[in-house]
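Chain by chain, the residues:
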Amino acid sequence: MKVEKKIRLYTDEEMDFARKEDEAFSNGFYEEKKYIMKIHPLRGLFLEVTSRCNAHCEHCGSSCGDFIPKDEISGDEIKKVLREIYDKNYNTSRIMLHVTGGEPLLRKDLFDLMKYAKALGFHWGITSNGMLIDEAMVSKMAEAKITSVSISIDGPKEIHESFRQVPGSWEKILKGIKLMQKIPSLQNLQVTTCVNKKNIDHLDEVYKVLRELGVTHWRIMEVDPIGRAKDNHDILLDPDQYVEMFNYIAKMQRENPDMDIVYGCGHFLGMDIEPVVRQRPFNCYTGVCIGCILSNGDIYVCPDVERRPEFVQGNIRKDSFTEVWETKFKPFRTMERTANEKCKKCKDWKLCMGDAFHTWDFDLNKPRFCHLENIQRYQKRVKKEDTKKAETKKTPAKKTTKKKK
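The structure reproduced in this document is the subject of the present report. Quick caveat, the model's predicted, so the values are computed rather than measured. (Residues numbered from 1 in each chain as written. Predicted model: local features only at pLDDT ≥ 70, side-chain atom pairs only at ≥ 80, totals over all residues. Heavy atoms only, no water.)

## Looking at helix α7 (residues 203–213)
Thinking step 1. Along α7, the residues classified as buried are L203, V206, Y207, V209, L210 and L213. Looking straight down α7, one finds that the buried residues subtend no more than 160° of arc, so they occupy a single side. Of the exposed residues in α7, those oriented more than 90 degrees away from the buried face are K208 and E212.
Thinking step 2. Taken together, the buried residues of α7 touch α6 (170–180), β5 (188–195), β6 (217–222) and α8 (239–255).
Thinking step 3. One or two steps after α7, the chain reaches G214, where phi turns positive at roughly 80°. (Buried < 20%, exposed > 50% of the residue type's maximum accessible area, 1.4 Å probe, protein only. Helix = DSSP H or I, 4+ residues; strand = E, 2+ residues; numbered from the N terminus. Arc of directions from axis to C-beta. Contact = heavy atoms within 4.5 Å.)

## Concerning the environment of K70
Thinking step 1. With respect to the helices and strands, K70 occurs in the loop between β1 (44–48) and α2 (75–87).
Thinking step 2. For K70, a relative accessible area of 88% puts it in the exposed group.
Thinking step 3. Separated by 226 residues in sequence, K70 and N296 place their C-alpha atoms 8.6 Å apart.

## Quick notes on the pairing of strand β3 (residues 123–128)
When a strand is regular, its side chains alternate between the sheet's two faces.
Thinking step 1. As paired strands, strand β2 (residues 96–100) and β3 are joined by four bridges and run parallel to one another. Within β3, the residue paired with M96 across the bridge is H123.
Thinking step 2. Viewed along the sheet, the connection from β2 through helix α3 (residues 110–119) into β3 turns out right-handed.
Thinking step 3. Two strands pair when backbone bridges link them, and β3 and strand β4 (residues 148–152) are joined in this way by four bridges, in the parallel orientation. Bridged to S128 within β4 is I151.
Thinking step 4. Taken together, β3, helix α4 (residues 135–143) and β4 constitute a β-α-β crossover, and its handedness is right-handed. (Pairing = 2+ DSSP bridges. Right-handed = clockwise from strand over helix to strand, strands pointing away.)

## Examining the pattern of salt bridges
Thinking step 1. Enumeration according to the criterion identifies 29 salt bridges in this entry.
Thinking step 2. Its salt-bridge partner being K347, residue D348 comes within 3.3 Å of it at the nearest N-O pair.
Thinking step 3. On the basis of relative accessible area, K347 is assigned to the exposed category, the value being 54%.
Thinking step 4. In this structure, E385 and R381 form a salt bridge, with 3.7 Å as the shortest nitrogen-oxygen distance. Within this pair, E385 and its partner R381 are both found in helix α13 (residues 371–394), separated by four residues, close to a single helical turn.
Thinking step 5. Of the residues examined, E385 reaches a relative accessible area of 36% and is grouped as partly exposed. (Salt bridge = Lys/Arg side-chain N within 4 Å of Asp/Glu carboxyl O.)

In structure tokens form, the structure reads like this:
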């Protein structure tokens, strides 16, 4: 993949002004988050309706598969929770239900559940691998008034099918995307591309496919070291490849103002890059505005966060969801939740706050990686190389004279 331009390097005067501007912004952002933690409004609820899946993706954060779990929550149990939230006078019109899995479309009663949710005022969307979407499925989506869909396309046919480990799935996915464009209630049909070593040089091919399909929302994100990808260095990007991806996103945004091309919500990048790749700096609100009900009924934080017993706040089979939401989640609602000596010394601490919970190393109390560090190292190296080139150009070449015999 060719990158048009390096991440811009700033003059010392520009950097001094930017530091003052960032400090003012970060103080405001920090106070805003402190207030949000205090009131912890429920704005997003992940419903992991199943851990079953018809794919076996190399990067799956939940390590899902084709097994049938014995403790999967029933439709009645899900309806009971939704009704409780409604009866407790939560503003359901401001709560987005993020339906996930596994592959949620494997659940036979899914659309019955979502019709019920919609009647209570919830909006809902789904993350799917797209392989089961046909005309009948699209008709059910329309009846249940789906609001958003995120479908994965991770490269051209061969790369995508290899990465998802399902031969013959490519054409089904493209057909499903075309069919869903006719759903009246669908406000956001988004394609997500999980960038990794195998597809980073094929993003232009994905872009071409999206243009042909008429897709206008493209979410580009890296494969994180979680789930099956945790130690899979065959797919995890190198530090410079991360910067290459950010450059690509910035370039495509400039060249395609009619498309919504964004970096996924996963990590803080520093204020040189954040305004370029999305509208608002990333901050992890798991356990603050975002909750989750896992497929076994556990009340949890973001489903991508490492499954640790101490993070389970309750279970809908024996606990009131709203009571748990109001009285628990204490470890996640403190400004020091990811504090450590190194992170707190960083000038961007008030913005980053230790980055994302789903890639935090809880045993070592530090992030598994830091994009900000990667970008800064890249910028320093490029600046050093550019300085060296400039000095070489200024230095006149030495004239060589032949000695007389």
